[in-house]
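Each chain, written out:
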Amino acid sequence: MQLVPGLIETVQSKDTLSWARGKDLGKVKILAWKGPNYIPNPETTDAGVDWILAEEWWPYQRPTFVSPPFAGLISGHSTFSRTGAEVLTMLTGDPTFREVWVNL
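Presented here is a report on the structure given in the accompanying data block. Computed from a prediction, not measured in an experiment: that's the story for all the values here.

So, the pairing of strand β2 (residues 28-33)
A regular strand carries its side chains on alternate faces of the sheet. Sheet topology note: the strand β1 (residues 8-10)/β2 ladder contains three bridges and is antiparallel. Bridge assignment links E9 to a residue of β2, and that residue is K29. For β2 and strand β3 (residues 49-53), the ladder comprises five bridges, and the chain directions are antiparallel. Counted as the bridge partner of I30 is I52 from β3.

Brief notes about a nonpolar patch on the surface
A cluster of nonpolar side chains, V4, L7, L31 and V49, forms an exposed patch at the surface whose accessible area comes to about 320 Å². By secondary structure assignment, the location of V4 is in the segment before β1. Here V4 falls in the partly exposed class, since its relative accessible area comes to 32%.

Points about helix α1 (residues 76-92)
With 17 residues, α1 should reach 24 Å at 1.5 Å per residue; the first-to-last C-alpha distance of 24 Å fits that figure. Two residues or fewer past α1, G93 is found with a positive phi of approximately 75 degrees.

Considering the packing of aromatic side chains
The geometry of an aromatic ring pair is captured by the separation of the ring centres together with the interplanar angle, meaning the angle of the planes. Counting across every chain of the model gives zero aromatic pairs. Of note, K29 hangs over the ring of W51, and the distance from its end group to the ring centre comes to 4.5 Å.

Observations concerning the sheet that holds β3
Strand order across the open sheet formed by three strands is β1-β2-β3, with antiparallel pairing between neighbours. Two strands bound the open sheet, and with one partner strand each, they are β1 and β3. Averaged over all neighbouring strand pairs, the angle between strand axes comes to 35 degrees, with direction disregarded.

A short note on the pattern of salt bridges
Under the definition given, this model contains six salt bridges. D24 is the partner of K23 in a salt bridge, and the nearest nitrogen-oxygen pair spans 3.7 Å. Judged by relative accessible area, K23 falls into the exposed class, the value being 73%. For D24, a relative accessible area of 1% gives the class buried. Here E55 ties to K27 by a salt bridge, and the two come within 3.3 Å at their closest N and O atoms. On the criterion of sequence distance, the pair formed by E55 in the loop between β3 and α1 and K27 in the loop between β1 and β2 is long-range, its members being 28 residues apart.

Criteria and thresholds
Residues numbered from 1 in each chain as written. Predicted model: local features only at pLDDT ≥ 70, side-chain atom pairs only at ≥ 80, totals over all residues. Heavy atoms only, no water. Pairing = 2+ DSSP bridges. Helix = DSSP H or I, 4+ residues; strand = E, 2+ residues; numbered from the N terminus. Patch = residues over 30% accessible without salt bridge, like charges linked within 9 Å, V, L, I, M, F, W, Y side chains within 5 Å. Areas by Shrake-Rupley, 256 points an atom, 1.4 Å probe, with all protein chains shown as cover. Salt bridge = Lys/Arg side-chain N within 4 Å of Asp/Glu carboxyl O. Buried < 20%, exposed > 50% of the residue type's maximum accessible area, 1.4 Å probe, protein only. Expected span 1.5 Å × (residues − 1). Phe/Tyr/Trp six-rings, centres within 6.5 Å; stacked < 30°, edge-to-face > 60°. Lys NZ or Arg CZ within 6 Å of the ring centre and 35° of its normal. Axes fitted to C-alpha atoms, helices over the stretch in contact; angles between N-to-C directions.

Here you go:
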């Protein structure tokens, strides 16, 4: 992971975070949404943004979102993009859609 000052850094001994006192020194930390583990009730409390270990990163999503936050499910965006690519391939006879670009 590329380090970006102010966004992605390594844990230093001068960090005031509770997890920075020893065992996590040198690990990657990111400035991000803290995730559901930092609040008692995600329905009524805001976790906010702060420095967290990169290994504890959790994608932001509302508690009512029905999909789990991992890549085990097929992406809707990817499904529709691939469908569009297949349609253009069938219409043009070419998987690179050269006919479409030439006739624009």
